[in-house]
Amino acid sequence: MTNLIEELQWRGMIQDIMPGTEEQLNKEMTTGYIGFDPTADSLHIGNLVPIILLNHLQRCGHKPLALVGGATGMVGDPSGKSEERNFLSEETLNHNLACVKKQLEKYLDFNSSKPNAAEMVNNYDWFKHISFLDFIREAGKHITVNYMMAKDSVKKRLNSDSGMSFTEFTYQLVQGYDYYWLYTNKQCRLQMGGSDQWGNIVTGTELIRRKTGGEAFAFTCPLITKADGGKFGKSEKGNVWLDPAKTSPYQFYQFWLNTADADAEKYIKIFTFLPKAEIDALIAAHTGNEHQRQLQKKLAEEVTCFVHSRADYEFAVKASEILFNNDTAEILAQLNEDQLLQVLDGVPTVNIAKSVLEAGADIVSLLADTKIMPSKGEARKMVQNGGISINKVKVEGIETSITASQLLNNRYLLVQRGKKHYHLVVVE
RNA sequence: GGGCAGUUUCCAGAGCGGCCAAAUGGGGCGGACUGUAAAUCCGCUGUCUACGACUUCGGUGGUUCGAAUCCACCACUGCCCA
């Protein structure tokens, strides 16, 4: 049994830890859990850290429980939120729950023949049987309001103008009860989470101690930050999702590849399972040769393979080469239709009628009509600034006209605005 | 309820009768350099049938040859007094 805490420590994944946690983990196979809130119909890369924590737990020979918050999702966690959250409708919640469960199955080993097989639990399953009165007698009696009010997440909101509803105030008790329930019914002895969860987690261990006299353990992982102060996990297009239908593997790969130097060392430790020796070697090789971006490439490779697949990764690399290398006009022209569409998967497309090109369309009108540029004025300026390329060839001058002879595979036109923005024009 | 100040293009903020599509800064977007980075430098940033035309300066009317600029009313915002 590998020492989990030691492993996580050098990776910089431990923020707070309850005394005795390491001893418990070294003593026996321990069951540990993390909760996932069904706030959307897909997990995003912010949820990747908890997934990886559970994965490490399992690799070290312990038993992970992934808890989906069917009940807690109905309440809303106030931690880190400055305002009261809106309720999700029941259908949305159920839909999200199903999606999240399906995703989680990909990342842990649920093969029940193993003693430390992962398990999925839904806290709605036990909360649906508990009446309000049962709850306030069973859980509420053991925790004082004074104790609950002392939590940071609560204090902040009490001092704010928006206040805090009774519902959200209760959240920590609901989550605390989860831990108590898992403690008594699943022999769960460990809870993990982001450091913003510390307050809620401690309420759980407190509840366990007061109700059963038993001891439960916990640790948290630092929240992921970016060196430039931006919010981690957002790309220009918004959240980076794990669902390939919402964020294509190519975009996912690009997100990691674009990691800033200042963050890369930290991220490769947290988001990959590479052993310490290999990471140290990579960092050493990267230092002084930052322009080669070895760290970013390895990071993007590992995470893309873990979340999607090796095939998806290889494809993303190929697509990146075609899209970003300069002398690829010829390669592009050689691709067949299938390859072309795969490389450009996720690129926004516009349809135009073939007749438009037969007479030769002037570049400015084409850009404006296809909505690639919002107006002719802007299209004109963009072309004059050298910001538009067709099929990887820069457009020179606003008099340029586009004809059917330029179509790739007789159907497609790859329009590029600036370095990173692509549009696929499909002729019908 | 009374008094004062304000409302300008994505944001902040100049302009106070013609020289205003409107200074400057920020942001955004391009280009060069680079590592699909940072920093730096350069350009663009109301629309169009584009060396010109058209529509914008809270709203509606008015004064004037001419208004973002002056007047009236309305709406909203901020500050002060009740």
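Quick look at the structure, then. Please read these numbers as outputs of a predicted model, since none were measured by experiment.

The rules behind these values
Residues numbered from 1 in each chain as written. Chains lettered and ligands numbered in written order. Predicted model: local features only at pLDDT ≥ 70, side-chain atom pairs only at ≥ 80, totals over all residues. Heavy atoms only, no water. Helix = DSSP H or I, 4+ residues; strand = E, 2+ residues; numbered from the N terminus. Buried < 20%, exposed > 50% of the residue type's maximum accessible area, 1.4 Å probe, protein only. Contact = heavy atoms within 4.5 Å. Areas by Shrake-Rupley, 256 points an atom, 1.4 Å probe, with all protein chains shown as cover. Near = heavy atom within 4 Å. Polar contact = N/O pair within 3.5 Å; in protein donor to acceptor, adjacent residues only side chain to side chain. Pairing = 2+ DSSP bridges. Salt bridge = Lys/Arg side-chain N within 4 Å of Asp/Glu carboxyl O. Phe/Tyr/Trp six-rings, centres within 6.5 Å; stacked < 30°, edge-to-face > 60°. Lys NZ or Arg CZ within 6 Å of the ring centre and 35° of its normal.

1. Looking at the overall build of chain A
Helix and strand counts for chain A come out as 20 helices and 14 strands. In terms of overall dimensions, chain A has C-alpha extents of about 85 × 50 × 40 Å along its principal axes. Burial statistics for chain A: of 428 residues in total, 49% are counted as buried. For chain A, the share of sequence-separated contacts (at least 6 apart) that also reach a separation of at least 24 residues comes to 74%. Summed over all atoms, the accessible surface of chain A reaches about 20400 Å², with 49% contributed by carbon and sulfur.

2. Concerning the protein's contact with RNA strand B
Among the 26 residues in the neighbourhood of RNA strand B, the closest are listed as Q254, L257, D261, R380 and K419. Close to the protein, within 4 Å, the atoms of RNA strand B are drawn from sugar and phosphate at a rate of 56%. A distance of 3.0 Å is found between a phosphate oxygen of RNA strand B and a backbone nitrogen or oxygen belonging to G377. Measuring from a base nitrogen of RNA strand B, one finds a side-chain N or O atom of R380 at 2.7 Å. Contributing elements (two or more residues each) for the surface near RNA strand B: helix 11 (249-257), helix 15 (310-324) and helix 20 (376-384). With six residues, the single largest contributor to the surface near RNA strand B is helix 20.

3. Side note on the pairing of strand 2 (residues 63-68)
Side-chain positions along a regular strand alternate between the two faces of the sheet. Counting buried residues along strand 2, six of its six residues qualify, which places the element largely inside the surrounding structure. Here strand 2 shows no split at all, with K63, L65 and L67 on one side and P64, A66 and V68 on the other all buried. Sheet analysis places strand 1 (residues 31-36) next to strand 2, joined by six bridges and oriented parallel. Its bridge partner being in strand 2, I34 is matched across the sheet by A66.

4. A few points about the pattern of salt bridges
The full count for this structure, using the stated rule, is 14 salt bridges. Between E301 and K298 there is a salt bridge, with its nearest N and O atoms 3.9 Å apart. Of this pair, E301 and K298 both sit in helix 14 (residues 294-307), three residues apart, which is roughly one turn of that helix. You'll find E301 and K298 in the same group, each marked buried. Between K298 and E302 there is a salt bridge, and its shortest N-O distance comes to 3.7 Å. Highlighted residues: K298 and E302, both in helix 14, separated by four residues, approximately one helical turn. Each of K298, E301, E302 and R310 takes part in a single network of salt bridges with overlapping partners.

5. Things to note about the packing of aromatic side chains
The geometry of an aromatic ring pair comes down to the distance between the two centres and the angle between the two planes. Going through the model one piece at a time under the given rule, you end up with 18 aromatic pairs. Seen in terms of ring centroids, F232 and W256 are 6.1 Å apart; in terms of plane orientation they differ by 55°. Their pairing is tilted. With F232 in the loop between strand 5 (217-221) and strand 6 (234-235) and W256 in helix 11, this residue pair connects regions lying 24 residues apart in the sequence. Classification of W256 as buried rests on a relative accessible area of 0%. Between Y267 and F271, the aromatic rings sit 5.8 Å apart at their centres with planes inclined by 90°, giving edge-to-face as the arrangement. Pair noted here: Y267 and F271 are both in helix 12 (residues 261-271), with a separation of four residues, about one helical turn. Exposure class is identical for Y267 and F271. Each is buried. An aromatic cluster of three or more residues is present, and its members are F232, F252, F255, W256, Y267 and F271. It is R59 that lies over the ring of F273; its NZ or CZ is 3.7 Å from the centre. Taking the ring centre of W241 as reference, the NZ or CZ of K246 above it sits at 4.7 Å.

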